[in-house]
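# What the coordinates show
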Amino acid sequence: MKKIVIVLTILISINTFAQKFEGLAETPPLGWNSWNTFGTDINEQLVKDVADKFIELGLKDAGYEYIVLDDGWMAKERDANGNLIADPVKFPNGMKALAEYIHAKGLKFGLYNCAGSETCAGYPGSRGYEYQDARSYASWDVDYLKYDWCNTEKLSAEGAYMTMRDALKAAGRPMVFSICEWGDSEPWKWAKEVGHLWRVSGDIINCWDCEVGHGSWSSWGVWKIINMRKDIRKVAGPGHWNDFDMMEVGNGMTDAEDRSHFAMWSMLASPLIMGNDLRIASKETIKTLANKEVIGINQDKLGIQGFRFSNENNVEVWLKPLANNEWAMTFVNMDSKPIEIDFDWEKHEIGDDLNGRRMDTKNNTFKVRDLYNHKNLGDTSNNLKVEIGVHDVLMVKLEKI
Ligand code: GLA
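Right, let's walk through the structure included here. (Residues numbered from 1 in each chain as written. Predicted model: local features only at pLDDT ≥ 70, side-chain atom pairs only at ≥ 80, totals over all residues. Heavy atoms only, no water.)

### Details of the site of the ligand
In the neighbourhood of the ligand, 13 residues make up the surrounding shell, with Asp70, Asp71, Lys146, Asp148 and Asp203 lying closest. One of the side-chain nitrogen or oxygen atoms of Asp70 is found 2.7 Å away from an oxygen atom of the ligand. Isolated, the ligand exposes 310 Å² of accessible area, and the fraction of that covered by the protein chains is 93%. With respect to the detected pockets, the ligand is housed in the largest pocket. Here the shell around the ligand is built from residues that sort into 7 nonpolar, no polar and 6 charged. (Near = heavy atom within 4 Å. Polar contact = N/O pair within 3.5 Å; in protein donor to acceptor, adjacent residues only side chain to side chain. Areas by Shrake-Rupley, 256 points an atom, 1.4 Å probe, with all protein chains shown as cover. 1 Å grid on protein atoms, 1.4 Å probe; cavity = no way out; pocket = protein on both sides within 12 Å on 5 of 7 lines; lining within 4 Å. Sits in = over half its atoms within 2 Å of the grid points. Nonpolar A, V, L, I, M, F, W, Y, C, P; charged D, E, K, R; others polar.)

### Section: the sheet that holds strand S5 (residues 176-179)
Strand order in this open sheet of 8 strands is S9-S6-S5-S4-S3-S2-S1-S10, and the pairing throughout is parallel. Of all the strands in the sheet, just strand S9 (241-243) and strand S10 (272-274) have a single pairing partner and so form its edges. Looking at each pair of strands side by side, their axes are set apart by 25° on average, direction ignored. Note that strand S3 (residues 108-114) and strand S4 (residues 144-148) share 5 bridges and pair parallel. Within S4, the residue paired with Gly110 across the bridge is Tyr144. The strands that helix H7 (residues 157-171) touches are S4 and S5; relative to S4, the one it contacts most, it runs at about 160°. (Pairing = 2+ DSSP bridges. Helix = DSSP H or I, 4+ residues; strand = E, 2+ residues; numbered from the N terminus. Axes fitted to C-alpha atoms, helices over the stretch in contact; angles between N-to-C directions. Contact = heavy atoms within 4.5 Å.)

### Some remarks on the environment of Tyr101
Positionally, Tyr101 belongs in helix H5 (residues 94-104). Taking the C-alpha atoms as reference points, Tyr101 and Val47, 54 residues apart in sequence, are found 9.5 Å from one another. When neighbours within four sequence positions are excluded, Tyr101 is seen to be in contact with Lys48, Ala51 and Asp52.

### A closer look at empty space enclosed by the protein
All chains considered together, the criterion is met by 3 cavities of 30 Å³ or more. Taken as a whole, the largest cavity encloses approximately 80 Å³ of empty space. Lining the largest cavity are Asn33, Val68, Tyr144, Lys146, Ser178, Cys180, Leu197, Arg199, Asp243, Asp245, Met246 and Ile273. Classifying every residue of the lining of the largest cavity gives 6 nonpolar, 2 polar and 4 charged. The space that makes up the second largest cavity amounts to roughly 40 Å³. (Points joined across faces, edges and corners; volume = space filled by probe spheres on them.)

Limitation: the analysis is restricted to geometry and does not speak to function.
See the structure below:
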C-alpha cells in the first residue's frame, strides 16, 4: 500500500510540474507557413522576402506574426554530436541569423519537426532527440514549433507530444507548440494541457469540397474539413485551439471561395496561417487576408469557436458569440448560382446552447455590419436582404444599439 501511495505521489507531482508555456496563444495564432505552396523547396531568401512582404502588404499591421518554416529546412543528417543543422545550401547563414532578421521586423519565427524517426519528407525526426532539439531551437531564438506525426510506428501520440512539450519547457524559451497529428487519436480530448493548437484533420488541399486520395491517406477540401470536425468546438478556447490547417487562400480557388474559406476559418477560431506565395499574391487575395474586420472575429477575446446555425436551401449559416454580447454571423452560398437571402430576425431564436448565450432581437435592436464590404446594412428591426454570389459569403457583425 505504502509503495502504491509513493508511486502515485511521484506520478501526480510529475504531472503537476510538466506544463506547456501559458499565455502564448490567448487568441488563435496568425502567421504564414511554407508548406502549402513550396513543399521542401524553401530557402533563406524566400523567408526574408516573406518577412518583408508582411510589412509591405500590411499583413503585420493586420495582426500576422509568425513565419513558420515547414519540412525541408534541415540537412539530411545530424552533425557528429547529434545536433540538427540547417541545410547549408538552402540556409547558408543558419537559423539564428534568420530568426534575427525576422525578429528585427517585429515578427516571430517558427520551425517544423516530427515526433517520428524521420519527418514526413524524410529529414531527421526528433524521436530520441527531443531535449537536444528543443535546446537547439531555444539557442536559435525560435518562437513556435510545429510537430508532425510521420514515422511514429506504435508511439502513443499523447505521450510523444508530452515529451516534446516537456523538452521545450526544459529548454526554457517560450514557444508556441503546434501539434500536427491529423486528428488520428483525437487530440481535442487530451491536448489542451500539451499544446496551444492541434490539427484536426489530414492535409488541406486547394479546393472547395473535394477529397483527393493518395493511397493510404487523403487531402481534404475546405468544406470536407469543416464538416468532418464541426462537433468538437467545446474544447477550443484561449490557449488551446482546433487547427483546421494552414489556409489555401490565394492558391487557386475563386476569390469568392477564398473569402468564404477565410470567413469560416475566422468563425471557427482556427489559427489563421497563410499558405500562399506572398511575393506574387493578387490584390484581391491580400484584401481578403488583411481584412481587419474579419480577423477581429477570429481574434475575439472570448475565444468561442463558432457553430452551424442552419444549412437549408444551399445556404450555410454560422454563428459565433463575441465579447460584449456581440455576434458574428456568416452566410455562405453553397449553390452554383447566386442566391437571395431574406432573413427575418423575428422568426429566429439566435443563441448558443453550449454557453447559454442568447441574442435577444425581440427586446433589443442590433446594428448589422457587413465585414467584407465595410458598410452597415441597417439593423435587426428589418429583414436582412442581400444577394450572395456563387460560393461567396456574407459575413456580418451584430452590435447592440
Ligand atoms: C504532413 C503535415 C503537413 C506538412 C507535411 C510536411 O503531411 O500534415 O502539414 O507539414 O507533413 O512533410
